[in-house]
Amino acid sequence: MKYATITFAAAVAFGLSGTASAQGKDIKIAMLLPTSAVFAVYGEAVMEGFNLALEEAGGKAAGRKITLLQEDNKEDPKTSLSLVRKYVKDEKVDFIVGPIASHVVAAVRDDIHRSKTFLVVPNAGNNDVTGAGCSPYIIRTSFSNWQVNYPMGLYAAEMLGKSAFTVASNYDAGREMAGAFAQGFKEKGGNIPSEEWPALGTADFAPTITNIRAKAANLDTVWFFIPGTGGPRFVNQVSQLGLRTGKMKLSGPVFMADEMFFGAMGDSAVGVLGSGHYAASIDTPRNNAFQHAFRKKYNKVAHVVHVQGYDSAKLILAAVEQLKGDLTDKNKLRKALTSVEMDSPRGRISIDPATGNVVQNIYITEVVKKTDGSLGHNVLKTYEQIRDPGAGCKL
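All values derive from a computational prediction rather than experimental measurement. Each chain carries its own residue numbering, running from 1 in the written order of its sequence. pLDDT decides what is reported in this predicted model: residues at 70 or higher carry local features, side-chain atom pairs at 80 or more are listed and counted, and totals for whole chains, interfaces and linings draw on all residues regardless. Hydrogens and water are ignored here; the side-chain numbers use all heavy atoms of the structure.

**Digging into helix α6 (residues 172–187)**
If you check α6, its first and last C-alpha atoms are 23 Å apart, about what 16 residues at 1.5 Å a residue would give, namely 22 Å. Looking only at α6, the buried set comprises Ala 173, Gly 174, Glu 176, Met 177, Ala 178, Ala 180, Phe 181, Ala 182, Gly 184 and Phe 185. Contacts: residue pairs with any heavy atoms within 4.5 Å of one another. Only DSSP runs of H or I with at least four residues qualify as helices, and only runs of E with at least two residues qualify as strands; both kinds are numbered from the N terminus onward. The inward-facing, buried residues of α6 contact α4 (102–115), α5 (145–159), β8 (163–168), β9 (191–196), β10 (221–225) and β11 (249–253). Phi turns positive one or two residues past the end of α6, at Gly 189, with a value near 90 degrees. Here the expected span of a helix is defined as 1.5 Å times the quantity of residues minus one. Exposure is judged per residue with a 1.4 Å probe applied to protein chains only, and the accessible area is read against the type maximum: over 50% gives exposed, under 20% gives buried, and values in between give partly exposed.

So this is what it looks like as structure tokens:
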């Protein structure tokens, strides 16, 4: 098994193509991310945000150099488990950052826990990871599937109407996200008469759209979660068939229609409602400075997954600085990771000591076309400092 093993200086200069040996007291961080298949765009985005944060820190924390290791985990449970074991046993890494998908983080959870190696999760929203399957060694900087979708259920029932149709890819994250939306929606008196569960990787949504068309006159919203390039295809197909001309609104997690996919959606994205923990248009000094730095480095606008990667690095760096570089005591490291409060581009965030999940604002957004012709988000409502309930977590 081959690795891309790099010091941060090499990462800045050469991305992930250069190699160098870890040196002495370097802090070793393994990036458990995909570079191929459906989830590759998310892995790339995490790396871009992570590298920007490391660059801002000069590639060091508490005087110790940062060394990154990465190999394509293909977002496959077996491949990821093999890599975790290699990183822990042979490389003796200090941290692992990843993965992207819920079913993959579930697959590596037990090995992480047994090895007492800290896993910083920059995307996967699996509820159980900071719920019934929580571990002192798992910290999540992104979101839980409940956390970003329950507020949209509340908002949709209060502001759009009481009838919804849900469409979610049929895998762990899809089922959890749809369930969270449904929970909030039904708590406010909403009804969901129809659900669709297309297979992960579906490209043609004709059967699902036929079902939506049959019920469209009575629907207030179609909520959807379809990761990867399937999301833009779904939005485009619904729009092209004229199903958005009435009262029905498309809604879903904010990362279904943001800067990652605006190019693929074009004007079809306009009017899509989102719920999530970041929008590039958040007008604060912190976010404006972050967007400026990101555009300077990558010549594009940062989206939510970039921020998740960025904040993952910032959290690790802050904890290492707090401990003055001494990572030998796992209990002290856990305490450091859960005591840091950060002024993030997304707003104030912290890690809940009771679960290991991030505490953060959730924004309800709408995609708009700006005066310069570009797409962005208006923030319609903010749910302040949402804390995942962490059902079943006992630490």
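**Focus on empty space enclosed by the protein**
Regions of empty space are outlined by a rolling probe, equal in size to a water molecule, passed over the atoms. Cavities and pockets were defined on a 1 Å grid built over protein atoms only: a cavity is a set of grid points that admits a 1.4 Å probe from which the probe cannot escape, a pocket is an open set flanked by protein on both sides within 12 Å along at least five of seven lines, and lining residues are those with an atom within 4 Å of any such point. Grid points are joined across faces, edges and corners, and a volume is the space filled by probe spheres set on the points. Scanning the entire structure with this criterion turns up 3 cavities of 30 Å³ or more. Considered as a void within the structure, the largest cavity measures approximately 150 Å³ in volume.

**Overview of the packing of helix α10 (residues 285–298) against helix α11 (residues 304–322)**
In the contact formed by α10 and α11, the axes pass within 13 Å of each other and the chain directions differ by 100 degrees. It follows from the interaxial angle that α10 and α11 lie roughly perpendicular. From α10, Arg 286, Phe 290 and Phe 294 reach across to α11, where they touch His 306, Val 307, Tyr 310 and Lys 314. Grouping the amino acids of the contact of α10 with α11 by side-chain chemistry returns 4 nonpolar, 1 polar and 2 charged. Helix axes are fitted to C-alpha atoms over the stretch in contact, other axes to C-alpha atoms as well, and angles between N-to-C directions run from 0 to 180 degrees. Should an angle fall under 35 degrees it is called roughly parallel, over 145 degrees roughly antiparallel, and 65 to 115 degrees roughly perpendicular, with every other angle called oblique. Classification used: nonpolar for Ala, Val, Leu, Ile, Met, Phe, Trp, Tyr, Cys and Pro, charged for Asp, Glu, Lys and Arg, polar for all others including Gly.

**Some thoughts on the state of the cysteines**
We call a pair of cysteine sulfur atoms a disulfide whenever their separation is within 2.5 Å. If you walk through the whole model with that rule in mind, you get 1 disulfide. Bridging Cys 134 to Cys 393, the disulfide has an S-S length of 2.2 Å. Its torsion about the S-S bond being 100 degrees, the disulfide of Cys 134 and Cys 393 is classed as right-handed. Residue Cys 134 is found in the loop between β6 (118–121) and β7 (138–140), and its partner Cys 393 is found in the segment after β16 (375–386); the two are separated by 259 residues along the sequence. The exposure classification of Cys 134 matches that of Cys 393, with both residues buried.

**Let's talk about the environment of Pro 207**
Along the chain, Pro 207 falls in helix α7 (residues 206–215). Note on Pro 207: relative accessible area 57%, which makes it exposed. A sequence separation of 170 residues divides Pro 207 from His 377, and the C-alpha atoms of the two residues are 30 Å apart.

**Here we look at the pairing of β8**
With 6 of 6 residues buried, β8 lies mostly within the body of the structure. Neither face of β8 is left uncovered, since the one carrying Ser 163, Phe 165 and Val 167 and the one carrying Ala 164, Thr 166 and Ala 168 both have all their residues buried. Between any two strands, at least two bridges found by DSSP are needed for them to pair. Sheet analysis places β8 next to β9, joined by 4 bridges and oriented parallel. Bridge pairing links Thr 166 to Glu 195 in β9. Consider the strands pointing away from the viewer: the crossover is right-handed when the path from the first strand over the helix to the second runs clockwise. Crossover β8 to β9 through α6 is right-handed.

**A look at the packing of helix α2 (residues 40–56) against α11**
Their axes nearest at 7 Å, the elements α2 and α11 cross at an angle of 40 degrees. Put simply, α2 runs oblique to α11. Seen along the crossing, α2 lies across α11 with a hand that is right-handed. Listed contacts from α11 to Tyr 42, Ala 45, Val 46, Glu 48, Gly 49, Phe 50, Leu 52, Ala 53, Leu 54 and Glu 56 of α2 are Val 305, His 306, Gly 309, Tyr 310, Ser 312, Ala 313, Lys 314, Ile 316 and Leu 317. Looking at side-chain class alone, the contact of α2 with α11 contains 12 nonpolar, 4 polar and 3 charged residues. Put simply, a crossing is left-handed when the front helix is turned counterclockwise from the back one by less than a right angle, and right-handed when it is turned clockwise.

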